[in-house]
Amino acid sequence: AWDLTSLHCSFGTFCECDFRPDFQGLECDLAQHLAGQHLARALVVKALKAFVQDPAPTKPLVLSLHGWTGTGKSYVSSLLAHYLFRDGLRSPHVHHFSPVIHFPHPSQMERYKGLSGLIWFSCQHYLEGSGSRKEPSPFREGSRCQGRSPEQKDLKSWVQGNLTTCGRSLFLFDEMDKLTPGLMEVLRPFLGSSWVVYGTNYRKAIFIFISNTGGEQINQVALEAWRSHRDREEIRLQELEPVISRAVLDNPHHGFWRSGIMEEHLLDALVPFLPLQRHHVRHCVLNELAQLGLEPRDEVVQAVLDSTTFFPEDEQLFSSNGCKTVASRIPFFL
Ligand SMILES: Nc1ncnc2c1ncn2[C@@H]1O[C@H](COP(=O)(O)OP(=O)(O)OP(=O)(O)O)[C@@H](O)[C@H]1O
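Calculation notes
- Each chain carries its own residue numbering, running from 1 in the written order of its sequence.
- Given that this is a predicted model, residues contribute local features only at a pLDDT of at least 70 and side-chain atom pairs are listed and counted only at 80 or more, while totals for whole chains, interfaces and linings are drawn from all residues.
- UniProt positions are given in the numbering used here, feature names are shortened, and annotations may be inferred rather than shown by experiment.
- Secondary structure elements are taken from DSSP: a helix is a run of H or I of four residues or more, a strand is a run of E of two residues or more, and numbering for both begins at the N terminus.
- The contact criterion used is a C-beta to C-beta distance within 7 Å, with each C-beta placed from the backbone.
- Here an axis means a line fitted to C-alpha atoms, over the contact stretch when the element is a helix, while the angle between two N-to-C directions is reported on a 0 to 180 degree scale.
- Each angle gets one of four labels, with under 35 degrees taken as roughly parallel, over 145 as roughly antiparallel, 65 to 115 as roughly perpendicular, and the rest as oblique.
- Handedness of a crossing is defined here by the sense of rotation of the near helix relative to the far one, left-handed for an anticlockwise turn of less than a right angle and right-handed for a clockwise turn.
- Note that Gly is not counted as nonpolar here; it falls among the polar residues with everything else outside the nonpolar set of Ala, Val, Leu, Ile, Met, Phe, Trp, Tyr, Cys and Pro and the charged set of Asp, Glu, Lys and Arg.
- To sort residues by burial, count the other C-beta atoms lying within 10 Å of each one's C-beta; a count of 20 or more means buried, 12 or fewer means exposed, and anything in between means partly exposed. C-beta atoms are built from the backbone.
- Known as pLDDT, the predictor's confidence for each residue is given on a scale from 0 to 100.
- Any two strands with at least two DSSP bridges between them are considered paired.

Re the UniProt feature "binding site: ATP" (unreviewed entry) in the protein
The UniProt record annotates "binding site: ATP" (unreviewed entry) at Gly 67, Trp 68, Thr 69, Gly 70, Thr 71, Gly 72, Lys 73 and Ser 74. Among the secondary structure elements, Gly 70 is positioned in the loop between strand 1 (61–67) and helix 4 (73–84). Ignoring sequence-local partners within four residues, the contact set of Gly 70 consists of Asn 321, Gly 322, Cys 323 and Lys 324.

A closer look at the packing of helix 12 (residues 278–291) against helix 13 (residues 298–306)
Two elements in contact, helix 12 and helix 13, have axes separated by 10 Å at closest approach and are oriented at 130°. Taken as axis vectors, helix 12 and helix 13 run oblique relative to one another. In the packing of helix 12 onto helix 13, the handedness of the crossing is right-handed. On helix 13, the residues that touch Arg 278, Val 281, Arg 282, Val 285, Leu 286 and Leu 289 of helix 12 are Val 300, Val 301, Val 304 and Leu 305. Considered class by class, the residues forming the contact of helix 12 with helix 13 number 8 nonpolar, no polar and 2 charged.

Things to note about unusual backbone geometry
Following Phe 311, the chain continues into Pro 312 via a peptide bond in cis, with omega recorded as -5°. Here Glu 175, not a glycine, exhibits a phi torsion of approximately 50°, which is positive. Note that Glu 175 resides in the loop between strand 5 (170–173) and helix 9 (188–191). Residue Glu 175 is classed as partly exposed on the basis of its C-beta count, with 18 C-beta atoms lying within 10 Å. With a phi angle near 55°, His 265 is a residue other than glycine that sits in the positive phi range. By the element assignment, His 265 lies in the loop between helix 11 (237–249) and strand 7 (269–273).

A look at the UniProt feature "domain: Torsin-1A C-terminal" (unreviewed entry) in the protein
UniProt marks residues 279–333 with the feature "domain: Torsin-1A C-terminal" (unreviewed entry), using the numbering shown here. Note that residues 279–333 is 47% helix and 7% strand, and that its end C-alpha atoms are spaced 19 Å apart.

What to know about the confidence of the model for the protein
When pLDDT is averaged along the protein, the result is 82, and 78% of the positions lie at 70 or above. Throughout residues 115–152 the model reports pLDDT below 50, and contacts reaching past four residues in sequence, or to other chains, amount to 63 contacts. The ipTM, which scores confidence in the relative placement of chains, is 0.99 for this predicted complex, and the corresponding pTM is 0.85.

What about the sheet that holds strand 1?
The sheet built from 5 strands is open, its strands ordered 2-5-6-1-7 with parallel pairing. At either margin of the open sheet sits one strand with a lone partner, and together these are strand 2 (94–97) and strand 7. On average, each strand axis in the sheet is tilted by 15° relative to the strand beside it, whichever way the strands run. As paired strands, strand 5 and strand 6 (residues 206–211) are joined by 4 bridges and run parallel to one another. Following the sheet pairing, Phe 173 is matched in strand 6 by Phe 209. The strands touched by helix 4 within the sheet are strand 1, strand 2, strand 5, strand 6 and strand 7, with strand 6 carrying the most contacts at an inclination of about 160°.

In structure tokens, the structure reads:
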């Protein structure tokens, strides 16, 4: 059947598809619910605003999110999708890739890259795979494949096809540190300013890459700041950027390894997520209780905190898995 919106989009560089940015809502939600991430919050909002308000960006927006597990990387990505697209994560223009689901076999890398043959990108497979994620994982909000039939495509033509349908597409690449090296090379041309896709303003796309790479180094900077009695909010991006870059460049399991993406400065921002402390975990518990429509009960908050493990051993400062398991542990204490 003809999809008139897609048809219209494919001819119009002005096309915004279901892109309906609501920055006020985003900023409000982040301020209220995102715990302990002053750098990520400021950086993401600033980069997005500048990008979206530019009527003719010279390149797509490319953000790389880094940090320890459970610190809010996927959570922030899901909020971005929610406040940028009318249908949020269900929008047909929001695309999520996870290596273990979409690129599981290193031996088939050439096929994934699109250099030979075709592979199945199965939405159904994605949805079944998402079952392992813990509620309220942002990626479980129903089918983001809705309205799209499973495609038989390689990564390059998949991205290109989606950009042709809608220049204002959002691509989320999860677990970048579990990718077999080489695959991301095919994305490199899309991230700069020279790629030409006929009839499409691909420069309006947003790419978000997520990984734990650099997490240990970020934690170390946060720990040293704490030991020297510096406020966490005094930690600056300039301290973290070089250590994250180094960690990525040194990690052969990271998708950017030898891809040229870092070397050619195609990333617009490295976004650090700091390790979460006890009061941040408390914040997460309160968020979760509110979401469940429950009163903030002290004994529940305390029980969740008591069941959280912290590191390093001496200081017991940072939550071992951030807020990742907060939602799944709350029911035990109700
Ligand atoms: N900084 C935070 N503020 C508020 N809630 C948070 C924060 N970090 C995590 N959470 C909560 O914990 C859940 C899991 O976090 P999330 O999936 O975003 O972690 P992650 O950093 O992507 O972890 P991983 O690296 O393991 O994928 C979120 O859905 C959210 O409910």
